[in-house]
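# What the coordinates show
Letter by letter, the chains look like this.
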Amino acid sequence: YFGIPFLSVNLAFIIIFFWTLKNIEQFGYGYIFLAGIINDVVTGSPLGLSSFLYMLICVATAYFRKITLRPNITKDWLFFLLTILVATSINYFLLTTFFSVNVNYYDLTGNIFFTFLLYYLFSYIFDIYQRFVFKEQTND
């Protein structure tokens, strides 16, 4: 959250989707699950909810990685939209049904929209980072 009303980004979804899609060897599932538990403790969410959503994103990226013949940023971006729509819908369904949390749908829509838009930017940044890091590792 940047302090700007209605502008929020779920950076964890972007990072998990990109790295599990492109290079799962650097980003293990156990670490992702643990990050979800830590996120729940820090944010005060029900314990295990973020881990469940993060694993759901991992399942979606594993499926997408298997069915994709030619990687393409546009296909990745559109599948990312579908993935965050499903994950966010499940998250808010569980929060409203079992935990009686009030949902501000305007903020929710803004979060999904800005997360979707920023994935494109972050994918280029992460691609550059990945090329730089692996180039360094192969020269040593």
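As a starting point, this report considers the structure included with it. (Residues numbered from 1 in each chain as written. Predicted model: local features only at pLDDT ≥ 70, side-chain atom pairs only at ≥ 80, totals over all residues. Heavy atoms only, no water.)

Let's shift gears to helix α4 (residues 73–98). In this model, α4 (26 residues) spans 37 Å end to end at C-alpha, consistent with the 38 Å of a helix rising 1.5 Å per residue. Buried residues of α4: Asp76, Phe79, Phe80, Thr83, Ile84, Ala87, Thr88, Asn91 and Leu95, and no others. Structurally, the start of α4 carries an N-cap: the backbone nitrogen of Thr74 is 3.1 Å from a side-chain oxygen of Asn72. The first or second residue beyond α4 is Ser100, which carries a positive phi of 50°. (Helix = DSSP H or I, 4+ residues; strand = E, 2+ residues; numbered from the N terminus. Expected span 1.5 Å × (residues − 1). Buried < 20%, exposed > 50% of the residue type's maximum accessible area, 1.4 Å probe, protein only. Polar contact = N/O pair within 3.5 Å; in protein donor to acceptor, adjacent residues only side chain to side chain.)

With 25 residues, the main nonpolar core has Phe13, Phe17, Phe80 and Tyr119 as its most contacted residues. Looking at this core, the elements that each hand over two or more residues are α1 (11–22), α3 (49–67), α4 and α5 (105–139). When residues of this core are assigned to their parent elements, the largest contribution, seven residues, is made by α1. The residues contacting Phe17, other than those within four sequence positions of it, are Ile57, Thr61, Asp76, Phe79, Phe80, Thr83 and Tyr119. (Core = buried A, V, L, I, M, F, W, Y, C linked by side-chain atoms within 4.5 Å. Contact = heavy atoms within 4.5 Å.)

Across all of its chains, the model carries 15 aromatic pairs by this definition. Ring-pair connections join several aromatic residues into one group, and the members of that group are Phe17, Phe64, Phe79, Phe80 and Tyr119. (Phe/Tyr/Trp six-rings, centres within 6.5 Å; stacked < 30°, edge-to-face > 60°.)

Taken as a whole, the second largest pocket holds about 150 Å³ of empty space. Residue lining of the second largest pocket: Ala12, Ile15, Ile16, Gln26, Phe27, Gly28, Tyr31, Ile32, Ala35, Asn39 and Tyr54, and that is the complete set. Mapped by element, the contributors of at least two residues to the lining of the second largest pocket are α1 and α2 (29–43). In terms of residues, the lining of the second largest pocket owes the most to one element, α2, which gives four residues. Across the lining of the second largest pocket, the residue classes tally to eight nonpolar, three polar and no charged. (1 Å grid on protein atoms, 1.4 Å probe; cavity = no way out; pocket = protein on both sides within 12 Å on 5 of 7 lines; lining within 4 Å. Points joined across faces, edges and corners; volume = space filled by probe spheres on them. Nonpolar A, V, L, I, M, F, W, Y, C, P; charged D, E, K, R; others polar.)

Running from amino to carboxyl end, α3 crosses α4 at an angle of 150°, the nearest separation of the two axes being 10 Å. Relative to α4, α3 is oriented roughly antiparallel. Crossing of α3 against α4: the hand is right-handed. Across the interface between the two elements, Leu49, Phe52, Leu53, Leu56, Ile57, Ala60, Tyr63 and Phe64 of α3 pack against Lys75, Asp76, Phe79, Thr83, Val86, Ala87, Ile90, Asn91, Leu94 and Leu95 of α4. In terms of residue class, the contact of α3 with α4 is made up of 14 nonpolar, two polar and two charged. (Axes fitted to C-alpha atoms, helices over the stretch in contact; angles between N-to-C directions. Parallel < 35°, antiparallel > 145°, perpendicular 65-115°, else oblique. Left-handed = near helix turned anticlockwise from the far one by under 90°.)

It is worth spelling out a nonpolar patch on the surface at this point. Together, Phe93, Phe98, Phe99 and Val101 make up an exposed nonpolar region whose accessible area comes to about 420 Å². On the secondary structure map, Phe98 appears in helix α4. Residue Phe98 is classed as exposed on the basis of its relative accessible area, which comes to 59%. (Patch = residues over 30% accessible without salt bridge, like charges linked within 9 Å, V, L, I, M, F, W, Y side chains within 5 Å. Areas by Shrake-Rupley, 256 points an atom, 1.4 Å probe, with all protein chains shown as cover. Salt bridge = Lys/Arg side-chain N within 4 Å of Asp/Glu carboxyl O.)

With respect to the element layout, Asn23 can be found in the loop between α1 and α2. On the basis of relative accessible area, Asn23 is assigned to the buried category, the value being 7%. The residues contacting Asn23, other than those within four sequence positions of it, are Phe18, Gln130 and Phe134.

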